[in-house]
Amino acid sequence: MKLYEMAKAPNPRRVRMFLAEKGLLDKVECVEIDLAKGENLTPEFERKNPMKKVPVLELDNDTCIGETMAICRYFEAAFPESAALLGNTAEEQAIIEQWTRWIDFYLFTPIGMCFQHTTDYFKHKMTPIKEWGEANHAATLTFFDFLEKHLANHQYIALERFTIADINAFCTVDFAKVIQLRVDERWPNLKAWYERMKERDSSKV
């Protein structure tokens, strides 16, 4: 199998970290796609993912799967003997899904919008709206505050053990560096959780 990715991008990193936690990283060949050079815009790549985004998993039968969570769900179902990071019971799966959605909607998206609208990185593709970017920076801080309160009484994000919710949150908090935001002493509980996540081997892949 091949995993088309841009190694420094947050969504491919989620998949790599997920695979590392499940001991499945050796199941895929990672293929670097340079988004800055437009390698994701070629007709060949568009055939793999018409959305022209990474990551994309290409199976041995040439089936291609886009979207981070879809790829992770494939590996969770295809290799049930490895660590269950998406939950064992219906309740666990629902709670994890709730948190992954919250992280995507209320943290990842605001960081991305802030980056797009307060920098010139995408000016060749769109018209940045500075005020919208600043509003999303404020929304990011609000969700940091939310996580800080939650982690005052919990060691992990979704359940009382490590799950994909921790992977998504960790990679997204790291992604905040693109808007010059770091977890610091303003959020001691979030910072302690973040440091615990950094100690995991999977965080270094």
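Located above this text is the structure these notes cover.
Residues numbered from 1 in each chain as written. Predicted model: local features only at pLDDT ≥ 70, side-chain atom pairs only at ≥ 80, totals over all residues. Heavy atoms only, no water.

(A) Spatial organisation of the packing of aromatic side chains. For the structure on display, the rule yields 12 aromatic pairs. Ring geometry for Phe144 versus Trp187: centroids 5.0 Å apart, planes at 85°, classification edge-to-face. Of this pair, Phe144 sits in helix α5 (residues 130–150) while Trp187 sits in the loop between α6 (164–175) and α7 (188–198), and the two are 43 residues apart along the sequence. Considered together, Phe144 and Trp187 belong to a single accessibility category, that of buried residues. Taken together through their ring pairs, the aromatic side chains of Trp99, Trp102, Phe105, Tyr106, Phe143 and Phe146 make up a single cluster. The ring of Phe108 has Arg14 lying over it, and the distance from NZ or CZ to the ring centre is 4.9 Å. (Phe/Tyr/Trp six-rings, centres within 6.5 Å; stacked < 30°, edge-to-face > 60°. Helix = DSSP H or I, 4+ residues; strand = E, 2+ residues; numbered from the N terminus. Buried < 20%, exposed > 50% of the residue type's maximum accessible area, 1.4 Å probe, protein only. Lys NZ or Arg CZ within 6 Å of the ring centre and 35° of its normal.)

(B) Structural view of unusual backbone geometry. Residue Pro55 follows Val54 across a cis peptide bond; omega there is 5°. Note that Pro55 resides in the loop between α2 (43–48) and β3 (56–58). In this structure, Glu67 takes a positive phi of about 80° despite not being glycine. Residue position: Glu67 is located in the loop between β4 (64–66) and α3 (68–78). Under the relative-accessibility criterion, Glu67 is labelled exposed at 53%. Phi angles above zero are rare outside glycine, and Gln180 is one such case at about 55°. The topology assignment puts Gln180 in the loop between α6 and α7.

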